[in-house]
Amino acid sequence: MSWDDYRLLLELRRHGSFLAAGVRLGLSASTVMRRIGKLEEDLGRTLVHRTARGVWLEPEAEELARMAEQFEHALAARVRDAAASPFAGSVRVSVSDGFAPYIAEAAVRVRRVHPEIHVEIVTEQRYADLSTREADIGLRAISPVGARTRSDASPVLIEKPLGDIVSGLFASRDYLDQHLPSRKLADADFSAHDFIVDEYVGRRPCMTDWLLQRGAHRFPLRTNSVAARMHAARAGMGLVIGAIGAVDEQRGLERVRLETPGPSLTFCLVMHEELRKVPRVRAVVSALTEMFDAYLEGQRLADG
């Protein structure tokens, strides 16, 4: 197979139709169909299924498309690394959407000193694979039970510890006036309240497991969007877990006193070992570390 064959499968996987893949590659839909047909004939097997709603790939074709995607990311990373100036080029940072505003502020600060650096912020529920350079830097968490996030189990990755973020429970004044006027929640009372949670509740280790352990079972809204969770909480839908000190996120919400401390996560910066001496990456890491230190200081003041 040639690289063009791999790219065909990759764009079909991404866009789900011959027409969309052709637009991306500068080809007609009929040309894409003809080339896929020729590839299937050469390999002696079906790779792509045509349906009224688009196309779907056989597992073997999916694997070939993933290989192409990894090569594409690696090539883009090499291009970033080959910039003429030590600081010129882009740095791609992978984070959960709740941290995106803080990463954006770090980007503002680093560009004041190094305007030739371009920062790309990727917020996604599937963490970027740092070992294959889908991103240059990842902000990652270690769960309360010590289980590391999926993408960090690689010997080529290094990490820089940042600190612990402690969470609390928040709700609107209307919700608290109606359902929890004391503003204090005992462990035995979790089952009587509504909670707005991450969509992964009960399906993998996450912060919401802390609620399940205390008997919470009423979840009127599940979403992986921090902004959506906070909006629903401000509208009075229920209680929501939030990081203490995240002032902008929790504007319009009141913090609830807890019988036992809220859950915490230990955070670290993770990156490929090849990047430890790249000037622009070191500059972004420094800015991110400063932002996290400021965040932790705000957390201490809010919790003090």
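Scoring rules and cut-offs
- Residues numbered from 1 in each chain as written.
- Predicted model: local features only at pLDDT ≥ 70, side-chain atom pairs only at ≥ 80, totals over all residues.
- Heavy atoms only, no water.
- Axes fitted to C-alpha atoms, helices over the stretch in contact; angles between N-to-C directions.
- Helix = DSSP H or I, 4+ residues; strand = E, 2+ residues; numbered from the N terminus.
- Parallel < 35°, antiparallel > 145°, perpendicular 65-115°, else oblique.
- Left-handed = near helix turned anticlockwise from the far one by under 90°.
- Contact = heavy atoms within 4.5 Å.
- Nonpolar A, V, L, I, M, F, W, Y, C, P; charged D, E, K, R; others polar.
- Buried < 20%, exposed > 50% of the residue type's maximum accessible area, 1.4 Å probe, protein only.
- Arc of directions from axis to C-beta.

S.K.: Honestly, the packing of helix α5 (residues 100-113) against helix α9 (residues 279-303) in this entry has me stumped. Any pointers?
M.R.: For any two helices packed against each other, one specifies the crossing angle of their axes together with the interaxial distance. The contact between α5 and α9 brings their axes to 9 Å, and the two run at 125°. When the axis of α5 is compared with that of α9, the two are oblique. The handedness of the crossing between α5 and α9 is right-handed. On α9, the residues touching Tyr 102, Ile 103, Glu 105, Ala 106, Arg 109 and Val 110 of α5 are Ala 283, Val 284, Ala 287, Leu 288, Met 291 and Tyr 295. Here the residues of the contact of α5 with α9 are counted per class, giving ten nonpolar, no polar and two charged.

S.K.: Is there a simple way to think about helix α8 (residues 226-234) in this case?
M.R.: What sets the pattern is the α-helix's 3.6 residues per turn: residues three or four places apart point alike. For α8, the full list of buried residues reads Val 226, Arg 229, Met 230, Ala 232 and Ala 233. In a view along the axis of α8, the buried residues occupy a sector of 160°, so they form one face of it. Turned more than 90 degrees from where α8 packs its buried face, Ala 227 and His 231 sit exposed. Looking at the packing, one finds that the buried side of α8 touches β8 (194-197), β9 (218-222) and β10 (239-243). Positioned one or two residues after α8, Gly 236 has a phi angle of 90°, which is positive.

S.K.: What exactly am I supposed to notice about the packing of helix α2 (residues 18-25) against helix α3 (residues 29-43) here?
M.R.: Where α2 meets α3, the closest approach of the two axes is 8 Å, and the angle between their N-to-C directions is 100°. Taken together, the axes of α2 and α3 lie roughly perpendicular to each other. When α2 is examined against α3, the residues Phe 18, Leu 19 and Gly 22 are found in contact with a partner set consisting of Ala 29, Val 32, Met 33 and Ile 36. Grouping the constituent residues of the contact of α2 with α3 by class yields six nonpolar, one polar and no charged.

S.K.: How should α2 be read in this particular structure?
M.R.: Taken together, the buried positions of α2 are Phe 18, Ala 21 and Gly 22. Here the buried residues of α2 occupy an arc of 100° about the axis, which is enough to place them on one side. Away from its buried face, by an angle of more than 90 degrees, α2 presents the exposed residues Leu 19 and Val 23. Structurally, α2 contributes buried residues whose contacts are with α1 (3-15), α3, β1 (48-51) and β2 (54-57). Just past α2, the residue Gly 26 takes up positive phi, approximately 75°.

S.K.: Quick question: what am I supposed to make of unusual backbone geometry here?
M.R.: Most peptide bonds take the trans configuration, and most residues that are not glycine carry a negative phi. Unlike most non-glycine residues, Arg 133 shows phi in positive territory, near 65°. Locating Arg 133 in the fold gives a position in the loop between β4 (117-123) and β5 (137-142). Owing to a relative accessible area of 6%, Arg 133 belongs among the buried residues under this scheme. Phi is positive for Arg 183, which is not a glycine, with a value near 60°. Its place among the elements puts Arg 183 in the loop between α6 (173-179) and β7 (184-185).

These figures come from the coordinates and say nothing about function on their own.
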